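Chain residues, written in single-letter form:
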Amino acid sequence: MRKRIISLDEYLPMSNESGNIVNPEVFDLDYVPDKIYAREELDFIRDSMSKYLNRGIARHILLTGPRGSGKTVSMRFLEKVMKKYIEANNIKGDVKFLHGGKSSYELLLSLSQGKPTFKEQMMEKIREISKEQRMIVILDEVDKLRDTEFLYFMTRETNALLVTIAYSPRFLEKLDEATLSSFQPKHIFFPPYNPDDLYEIYRYRCEIGLKHYDDEGVKILSSLVARDYAGDARYGIFALRILGEEDKWDPDSIKNALAEGTKDMEYSILSKLSSPYLEILSLIAGNQTGIRSSDLFHELSEKHGFARSTVSYVLSTLESMGLISTGGKAQGRSYVIWPRLYNP
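Please read all numbers here as calculations on a predicted model, not as lab measurements. (Residues numbered from 1 in each chain as written. Predicted model: local features only at pLDDT ≥ 70, side-chain atom pairs only at ≥ 80, totals over all residues. Heavy atoms only, no water.)

Draft legend 1. Broad picture of the packing of aromatic side chains. This model, assessed by the stated rule, comprises four aromatic pairs. Note on Y235 and Y342: the rings are 5.0 Å apart at their centroids and 80° apart in plane angle, and the pair reads as edge-to-face. Within this pair, whereas Y235 is found in helix 9 (residues 233-246), its partner Y342 is found in the segment after strand 8 (336-339), the two being separated by 107 residues in sequence. A residue is classified by how much of its surface remains accessible, and Y342, at 36% relative accessible area, is partly exposed. Aromatic rings pair up to connect Y229, Y235 and Y342 into one cluster. (Phe/Tyr/Trp six-rings, centres within 6.5 Å; stacked < 30°, edge-to-face > 60°. Helix = DSSP H or I, 4+ residues; strand = E, 2+ residues; numbered from the N terminus. Buried < 20%, exposed > 50% of the residue type's maximum accessible area, 1.4 Å probe, protein only.)

Draft legend 2. Local environment of unusual backbone geometry. The residue E141 is not glycine, and still its phi comes out positive at about 50°. Tracing the backbone shows E141 in the loop between strand 3 (134-140) and helix 5 (149-157). Positioned with a positive phi, A230 is a non-glycine residue whose angle comes to about 55°. Following the sequence through the fold, A230 ends up in the loop between helix 8 (215-228) and helix 9.

Draft legend 3. Focus on the nonpolar core. Counting residues in each nonpolar core, the largest one holds 51 residues, and the members touching the most others are Y202, L221, L315 and L318. Taken together, the elements giving at least two residues each to this core come down to helix 7 (195-209), helix 8, helix 9, helix 10 (251-270), helix 11 (275-285), helix 12 (293-302) and helix 13 (308-320). Per-element tally for this core: the top contributor is helix 9, with eight residues. If sequence neighbours within four positions are ignored, Y202 has contacts with V218, L221, S222, V225, D232, A233, G236, I237 and L240. Among the nonpolar cores identified, the runner-up in size contains 45 residues, and M122, I136, V142 and F190 belong to it. (Core = buried A, V, L, I, M, F, W, Y, C linked by side-chain atoms within 4.5 Å. Contact = heavy atoms within 4.5 Å.)

Draft legend 4. Spotlight on the pairing of strand 1 (residues 61-64). Alternating positions in strand 1 separate into two faces, I61 and L63 on one and L62 and T64 on the other, with burial throughout. Taken together, the four bridges between strand 1 and strand 4 (residues 161-166) define a ladder with parallel strand orientation. Bridged to L62 within strand 4 is T164. Two strands pair when backbone bridges link them, and strand 1 and strand 5 (residues 186-189) are joined in this way by four bridges, in the parallel orientation. Within strand 5, the residue paired with T64 across the bridge is F189. (Pairing = 2+ DSSP bridges.)

Draft legend 5. Spotlight on the packing of helix 8 against helix 10. Where helix 8 meets helix 10, the axes come as close as 10 Å, and the angle between the chain directions of the two elements is 45°. The pairing of helix 8 with helix 10 is recorded here as oblique in orientation. The chirality of how helix 8 crosses helix 10 is right-handed. Here helix 8 contributes G217, I220, L221, L224 and V225 to the contact with helix 10, which in turn contributes P251, I254, K255 and L258. Looking at the contact of helix 8 with helix 10 residue by residue, the class counts come to seven nonpolar, one polar and one charged. (Axes fitted to C-alpha atoms, helices over the stretch in contact; angles between N-to-C directions. Parallel < 35°, antiparallel > 145°, perpendicular 65-115°, else oblique. Left-handed = near helix turned anticlockwise from the far one by under 90°. Nonpolar A, V, L, I, M, F, W, Y, C, P; charged D, E, K, R; others polar.)

Draft legend 6. Representation of the pattern of salt bridges within the structure. The final tally for this structure, using the stated rule, is 18 salt bridges. Put simply, E120 and R127 hold a salt bridge, and the shortest N to O gap is 3.0 Å. In this structure, R203 engages E200 in a salt bridge whose closest nitrogen and oxygen atoms are separated by 3.0 Å. A residue pair is termed a helical-turn pair when its members lie 3 or 4 positions apart in one helix, as R203 and E200 do in helix 7 at three residues. The exposure class assigned to R203 is partly exposed, which follows from its relative accessible area of 27%. (Salt bridge = Lys/Arg side-chain N within 4 Å of Asp/Glu carboxyl O.)

Bear in mind that shape data such as this cannot, by itself, settle questions of function.
Given below as C-alpha cells:
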C-alpha cells in the first residue's frame, strides 16, 4: 500500500520536463505572433496608414468579417508594424489600439493620456495632440460602442485616421447622419479562412509553440475547421493546445481535441457575459431552428421584464460577438434569430 504521509522533497515531480509545449502563450487567442498570415486585403490598410503618416490625408476604414477571420490579430500586428515604421522614419506620430464596448468618455480618457476630468477638457487635449502629430486609432469591436459621440468627435474635429473593426457592416446603420457623413469609411472585408489559409496559420503556431508536431495532422485539423467551423481559426488554436499537450495527431485525436477545444473556447466567451446576456442567449439557444424576434421580445418582456431597448442592445452585442445570427431583417418587421454555438 502506498504511504500517504510524504515530505516536500519526496513529493517533487519526477521530472522537470515541460512536455511538448515550448511556449503556451502561442495558443492564447490574445497572442500576437511576430509573423502572421497576411491577407491581400491587409495591404490596402497598411498603405492607407503609411500615406496618412506621410501626407496627413485620413481615409477612414471599416474592417469587417466573420469571427475568427483574423481581423483583430491582423490589426494588432499592423499596430506593431506602423510603430516600427514611425520610429524608423522619424515621423511624429503614434498608433493607438482601443477596445469597443466602452463609453465615449472612457475612450476619450484613453486617448487624452491624462487623469479623469471633464469630457470637453479631454477633447481639447486630443485636438491639440492631433495638430502636433499624426494619430492612427484602431478601434476594435466598434459595433459594441455604447454611444457614437467618440466616432463623431474623432472624424469631425481631429485629423486622426480611424481604423474600425466590426463583425458586420450593418453597424453603419446605427450611425446618425452627421457621424456617417464625416466617417465615410472605406469598407474592407476579410472572408472566412479556407483550409490552405488555416494550414499556414496552424503550422506556424506549431513551429513556434511546440517541440514537434505532425504535418499531416495539421492539414486534417485545417480541413475540419474550414468545413465544420466555418473557417473560424480560433477553434483550431484551442485544439492545437490540446493536441500539443497530448502529442497525438491521429484523426480521432484531432476530432476529440476539436470537440474539447470548442467547449473550452465557448466557455471562455460565455464566462465573461453578465446575467442579461446569458438569459437571452439561453432562450435563443433553446431554439436551434431559430426564433422570431417578435416572439423573443414578447417572451422576454412578459415573463422576464426586459425592456425592448435592453433586448435590442443585447442582441446587437451577441451578434457582434458571433454568438447569434439574424436573417430577414427589415424596418418594422419581425426577423429570425439563430444560435451560433457549437456546444450549446
